[in-house]
Amino acid sequence: MSLWDRLMTPRSVAIIGASADASKTSGRPVGYLLKHGYQGKIFPVNPRASEIEGLACHPDIASLPQAPDVALVLLGAQRAVDAVRELAARGTPAAIVLASGFAETGEEGARRQQALCQAAGSMRLLGPNTIGLVNLTDGITLSASGALELGQLQRGEVGLVSQSGGILGALLSRASARGIGFSKLISTSNEADLELSDFIDMLADDPGTRVIALYVETVRRPEAFVRACRKAAAAGKPVVAFKIGRSESGARAAASHTGALAGADRMYDALFSQAGVLRAQTFADLLNVPAALAAGRTLQGNRVAVLTSTGGAGTLVADSLGMAGFDLPAPDAATAAGLRALQEGDHAVLDRNPIDVTLAGLQPALLRRIIRVLLDSPAYDALAVVVGSSGVAQPELMADALRDSMGHDGKPVMAYVSPHAPAAAAVMGRYGIPAFHEPEGVAAALGAQWRYAQLSARPTMEAAARRPPQAPNDLPAGPMDEARAKALFRHFGIPSVRERVVHDAAQAEQAARELGPAVALKLLSARILHKSEVGGVALGLDATSIGSRLARMAREVRAHTGQAPDAFLVQEMTSGVAELILGVRQDALGTALLIGMGGVMAELFRDTALLMLPADGGSLRPDQVLDALRGLTSWPLLEGYRGRPKADVAAVIDAVLAFGEMARSLGNRLVEAEINPLFVRAEGQGAIAADGVAILS
């Protein structure tokens, strides 16, 4: 048996520390296994009980009749370590450790977790600090979650991996109330051994799972995460992630809960983009989006028909879809004719979108015909149906009408339940029709389907083989001055403005004559990187004015810093169609390039994008850089906005790729690097670095 089989379909389960008191947490797992129909062998272990739930109870692990396929360990932290050691000695392949008091509690707990791993040896561990796992496909519950008290758990095709045990139970109960089914639910928590990437990889092979949902606190192995998500994509399984820790306070909460620091949120955006993961923007979307994707329908375009019998609710849905970038065209001539042929009375409004069929006591038969016309129409790619009070009164009739009308065309159909009617939404969910309590849920679900369709349609492209230059051997540790930083950038193929290093007024005047007619004078120092703040930048000088300005700059810098400048930089004045910022970001997730509008815009508007460098040491592709540029709000400025010259986008792409190769070549030695601004000239004229920062470890 594989590890997946041992965990998900074990033939035998040992419950270490099982209690005969069903009201206790340790008393739940045996009852849950029996309640939900587990057919394998159950071995409760408790020295103070002779039987539990009619099953013979064993006094210790040594007395078990066989090594179980999996053991659920319900003991406290220190006793759990001892139990894991005994289970490993018995040859148990895997154990699920529920106890807290490990790495999430601090240094002492981290040492205890290390001891737990040593005790396990080659035995695989889920947890500790986990609530366990649930296999709804086969009715196997290896968990103590109180959510399993629910009578009938909805089976479905969404596999959930959560790094929080409590969230697993919360999502299970919410999904059950919505009629949304899961295939597998796994709480990884501290991830002393098995972690997020392992279960994404296994779910990619699971025939019972169509969509993978993730509740993410941190990604511990970015390269494995990307590899597993790409495996899921290759298997046709979307991966949807909700990441907490987006704010500083959220990051602190995540750290205290898991014992792992959350990475910078935008780095996760870049990582998810690299891995092809759809990011859920709200907690509600972690149910809404997978439920819609699990329906198995493909969105081929962004044109949506909204069918409503209540005008206000239809407008809410239409407005949410419009804000999300969807098009809501009126019915074309053929579609309108088909709708008019079905019109009963003079109350329906069929020549606009939303399509309002305000008929008292709307009949399912009529609704079926209207839905069929809209789904057959070439004018629409999806249908959103508002379920009003008549549908709420008889939810099965409305759900039947929707289900029977969908046919085999594959267009997505969503339902917005306008009155507060959880029972109606649950019926829709059980019938395989994504149903939402908020109009924004419809927009989020269709938006995710549209993004997934675009990701799936994008051809897999490999980066062209690039052999970056070797880094120079004489690079200093610590910050470089601007001249040395730009020399490093030039070494990797990024051109910079013409400039001269000078030490006195005479040298400055000579440089100004060579580089003029207008030049900039800058302080040159590896110790002072923010030159403007200490009076270290002057623009628009010439050979007659630069000498006196250098003397004044020396006085101002000394006044601000207490240090006399060692040298200055005389630089040609230049400009471009646009100013960009290009930087490198390093953290535990990997290395990313930041690109966006530079100068004041960089700080004021934060119009930037992050591109994660491939974790396998490969190179970025030009199409990836172009996609990032097109995603900027200010992209039209590079395209020639309102008669402006078009920018040399090809040169920008070359500069970004070169920056990436520099980061790849320097590896962990590169702490920080930035060009701001990178002047982008008109099409065919290149891009050029006008300033630079580089810090090496």
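Structural data are supplied above this passage.
Residues numbered from 1 in each chain as written. Predicted model: local features only at pLDDT ≥ 70, side-chain atom pairs only at ≥ 80, totals over all residues. Heavy atoms only, no water.

Caption draft 1: Structural detail: the overall build of the chain. When helices and strands are tallied, the chain shows 24 helices and 30 strands. C-alpha atoms of the chain, sized along the principal axes, occupy 100 × 80 × 45 Å. Looking at the chain as a whole, 55% of its 697 residues qualify as buried. Partitioning the contacts of the chain with sequence separation of at least 6, the portion at a separation of at least 24 is 71%. As presented, the chain carries roughly 28,700 Å² of accessible surface, and 50% of it is formed by carbon and sulfur atoms. (Helix = DSSP H or I, 4+ residues; strand = E, 2+ residues; numbered from the N terminus. Buried < 20%, exposed > 50% of the residue type's maximum accessible area, 1.4 Å probe, protein only. Contact = heavy atoms within 4.5 Å. Areas by Shrake-Rupley, 256 points an atom, 1.4 Å probe, with all protein chains shown as cover.)

Caption draft 2: Layout of the packing of aromatic side chains. In this structure the tally under the stated criterion is six aromatic pairs. Taken together, a centroid distance of 6.0 Å and an interplanar angle of 45 degrees make the contact between Phe225 and Phe272 tilted. You can see Phe225 sitting in helix H7 (residues 222-234) and its partner Phe272 sitting in helix H9 (residues 265-275), a full 47 residues away along the chain. Phe272 matches Phe225 in its accessibility class, with the two residues each being buried. Within the aromatic cluster, the residues linked to one another by ring pairs are Tyr215, Phe242 and Phe283. (Phe/Tyr/Trp six-rings, centres within 6.5 Å; stacked < 30°, edge-to-face > 60°.)

Caption draft 3: Representation of unusual backbone geometry within the structure. Between Gly516 and Pro517 the backbone carries a cis peptide bond, its omega angle lying at 20 degrees. Here Pro517 lies in the loop between helix H19 (505-515) and strand S22 (519-524). Looking along the chain, the bond that leaves Asn676 and enters Pro677 is cis, with omega of 10 degrees. Residue Ser189 is not a glycine yet carries a positive backbone phi of 50 degrees. For Ser189, the location among the structural elements is in the loop between strand S11 (182-187) and helix H6 (196-205). According to the relative accessible area criterion, Ser189 is buried, its value standing at 3%. One non-glycine residue, Arg642, adopts positive backbone phi at about 50 degrees. By the element assignment, Arg642 lies in the loop between helix H23 (635-639) and helix H24 (649-666).

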